[in-house]
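Listed below, chain by chain, are the residues.
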Amino acid sequence: MQIAPRAFAHIRLTVTGVDRSRAFYEDLFGLPVAFELPADADDKTREELSFLYGDVSCRLGDSLLGLRPVASDRFSEDRVGLDHAAAKQARRAPPRR
């Protein structure tokens, strides 16, 4: 049986700095935050959003881009895991002058 996906439901990236990564995706790509655990969340809200594992999820069309924090780590392009994710742009913008 073949599975015929239409799109990604979500992609989660493990990052060393959620705030820095969030700013990157918000500022550069204009991705709005879809889910985030508020710092002052009560126990009920923390339970309801436990699937976030402390991450911030940004909306990318009909998909989500999750930014999951780690305590400490360094990037290595040779480590097993997600190498990159690409988003298709409608058309190429002319160069800025």
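Counting starts from 1 at the beginning of each chain's written sequence and moves along it residue by residue. Reporting in this predicted model follows two pLDDT cut-offs: at least 70 for local features of residues, and 80 or more for side-chain atom pairs to be given and counted; totals over whole chains, interfaces and linings ignore these cut-offs and use all residues. With hydrogens and water stripped out, all remaining heavy atoms of the structure feed into the side-chain values.

Engineer: An account of helix 1 (residues 18-29) is requested, with residue identities and associated values reported.
Structural biologist: If you check helix 1, its first and last C-alpha atoms are 16 Å apart, about what twelve residues at 1.5 Å a residue would give, namely 16 Å. What helix 1 keeps buried is the set Val-18, Ser-21 and Tyr-25. The arc enclosing the buried residues of helix 1, seen along the axis, measures out at 70°, which places them on a common side. Facing away from the buried surface of helix 1 by more than 90 degrees, the exposed residues are Asp-19, Arg-20, Asp-27 and Leu-28. Only heavy atoms enter the contact rule, under which two residues are in contact if any of them lie within 4.5 Å. Each helix corresponds to a stretch of at least 4 residues labelled H or I by DSSP, and each strand to a stretch of at least 2 residues labelled E; elements are numbered beginning at the N terminus. The elements touched by buried residues of helix 1 are strand 1 (10-15), strand 3 (56-60) and strand 4 (63-69). Backbone geometry just downstream of helix 1 places Gly-30 in the positive-phi region, at approximately 70°. Working rule for helices: expected span equals 1.5 Å times residues minus one. Three exposure classes are used, based on accessible area relative to the maximum for each residue type with a 1.4 Å probe and protein chains only: buried under 20%, partly exposed in between, and exposed over 50%. The arc refers to the directions leading from the helix axis to the C-beta atoms.

Engineer: With reference to specific residues and values, describe the side chain of Ser-57.
Structural biologist: One can find Ser-57 in strand 3. Its relative accessible area of 6% is what places Ser-57 among the buried residues. Non-local contacts of Ser-57, meaning those with residues more than four positions away in its chain, are made with Pro-32, Val-33, Ala-34, Phe-35, Leu-52, Leu-65 and Gly-66.

Engineer: Please give an account of the packing of aromatic side chains that cites residues and values.
Structural biologist: For Phe, Tyr and Trp, where Trp contributes only its six-membered ring, two rings pair if their centres lie within 6.5 Å, and the inter-plane angle classes them as stacked under 30 degrees, edge-to-face over 60, or tilted in between. Tallied over the full model, the rule gives three aromatic pairs. Arranged with centres 5.9 Å apart and planes meeting at 80°, the rings of Phe-24 and Phe-29 form a pair that is edge-to-face. According to the relative accessible area criterion, Phe-24 is partly exposed, its value standing at 41%. Taken together, the ring pairs in this structure connect Phe-24, Tyr-25 and Phe-29 into an aromatic cluster.

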